[in-house]
Amino acid sequence: VINSNRSLCTLLGYNSSELNGKEIGHFCIGKDNSACTIEQLLDESDINKQVELVFKTSNGEKIPMLGSFSRLSSDAGRNGIICTATDIRQLKDTEFKLKQVSEGFTGIVDDSIDGIMVLDEDGTILYANNTVRIYFGNDDIVNQKFDREIGTSDTQEIDIYRLDWGIGTALVNIQEITW
C-alpha cells in the first residue's frame, strides 16, 4: 500500500502509517479466504470489474467490500493498481433478509392446501407446489406442458386425476403476473 485515504483508515480502524508500506494481504482477504496478494489483484481476470473481497479491521472484524481495480503503469516501468472499495455490509444484510423471506414464502406456498402453479406463455409449468403435484399425480410436473384446456375466464373448474386415479375437480383461478 502506497497511500490510503482517511475513509479506509476510519472504516478499518487503522491510521495511514499502519497501512502504508504494508502488503494488501495485511487487511484484505481474497476469494479463497487467504490473504490477498498484489498478483491476484493484477490478474487480468479481476481488472476492470468489481470483485467481492473481505477487509479485516484492526480489531479482527471482517467487512464485505466491493472492490474495483484499475491498472497503473509508470514511465519507469512500475506497475500497480488503484483500488476503490465500497462497504457492502448493508447490501449483504439485505440479501440475507430477502433470502430468509423468500425461503419462508416458498415454504408457505409449497405447503399450502391450495394448488399453486406458474405457467409461461407457452403453457410450460415453471413451478408447481406440492398440492398441485398431488392433484395431478405427478412429481415431475415442472417443465412439462400443461395439457388441459383453460379458458379466459378468471375462475373455472377442470377435471383432474388423483394419485389413486380417481377423478376430481379443481377450481382454477387464473391470474396474469409479470415480474
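Located above this text is the structure these notes cover.
*Asks:* Explain the overall build of the chain residue by residue, including any values.
*Replies:* Looking only at helices and strands, the chain features five helices and eight strands. Taken from N to C terminus, the helices and strands of the chain fall in the order α-α-β-α-β-β-β-α-β-β-α-β-β. For the chain, the residues scored as buried account for 26% of the 179 residues in total. Across the chain, every contact between residues at least 6 apart in sequence was considered, and the portion connecting residues at least 24 apart equals 24%.

*Asks:* Describe the pattern of salt bridges, listing the residues and the values that go with them.
*Replies:* The full count for this structure, using the stated rule, is five salt bridges. R89 is the salt-bridge partner of E61, the closest N and O atoms lying 3.2 Å from each other. A residue pair is termed long-range when its members are at least 10 positions apart, and E61 in the loop between strand 2 (50–56) and strand 3 (62–73) and R89 in helix 4 (residues 89–110) qualify at 28 residues. Judged by its relative accessible area of 37%, E61 is partly exposed. Assessed through its relative accessible area of 33%, R89 is described here as partly exposed. Each of E52, K92 and E95 takes part in salt bridges that share partners, so that together they form one network.

*Asks:* Kindly report on the sheet that holds strand 1 (residues 28–29), identifying the contributing residues and their values.
*Replies:* Spatially, 1-2-3-4 is the arrangement adopted by the four strands of the open sheet, whose pairing is antiparallel. Each of the sheet's edge strands pairs with one partner strand only, and the pair in question is strand 1 and strand 4 (79–87). Two strands pair when backbone bridges link them, and strand 3 and strand 4 are joined in this way by nine bridges, in the antiparallel orientation. Residue pairing in the sheet places L72 in a bridge with G80 of strand 4.

*Asks:* Describe the packing of aromatic side chains, naming the residues involved and giving the relevant values.
*Replies:* A full pass over the atoms with the stated rule returns one aromatic pair. Taking 5.5 Å as the distance between ring centres and 75° as the angle between the ring planes, the aromatic pair formed by F27 and F55 counts as edge-to-face. Pair noted here: F27 is in the loop between helix 2 (16–19) and strand 1 and F55 is in strand 2, with a separation of 28 residues, a long-range link. Here the two residues F27 and F55 agree in accessibility, since each one is buried.

*Asks:* Can you break down the nonpolar core residue by residue, with the values?
*Replies:* By size, the foremost hydrophobic cluster in this structure holds 16 residues, and its most contacted members are L8, L12, L19, F27, C28, L53 and F55. For this core, the secondary-structure elements that each account for two or more residues are helix 1 (6–12), strand 2 and strand 3. Setting aside residues no more than four positions away along its own chain, F27 makes contact with V1, L8, L12, Y14, L19, V54, F55 and K56. Membership of the second largest hydrophobic core comes to eight residues, among which are A128, V132, F136 and I158.

*Asks:* Can you break down unusual backbone geometry residue by residue, with the values?
*Replies:* Positive phi is not limited to glycine here, since N143 has a value of about 75°. You can see N143 is positioned in the loop between helix 5 (130–136) and strand 7 (155–161).

Rules behind the numbers
- Residues numbered from 1 in each chain as written.
- Predicted model: local features only at pLDDT ≥ 70, side-chain atom pairs only at ≥ 80, totals over all residues.
- Heavy atoms only, no water.
- Helix = DSSP H or I, 4+ residues; strand = E, 2+ residues; numbered from the N terminus.
- Buried < 20%, exposed > 50% of the residue type's maximum accessible area, 1.4 Å probe, protein only.
- Contact = heavy atoms within 4.5 Å.
- Salt bridge = Lys/Arg side-chain N within 4 Å of Asp/Glu carboxyl O.
- Pairing = 2+ DSSP bridges.
- Phe/Tyr/Trp six-rings, centres within 6.5 Å; stacked < 30°, edge-to-face > 60°.
- Core = buried A, V, L, I, M, F, W, Y, C linked by side-chain atoms within 4.5 Å.

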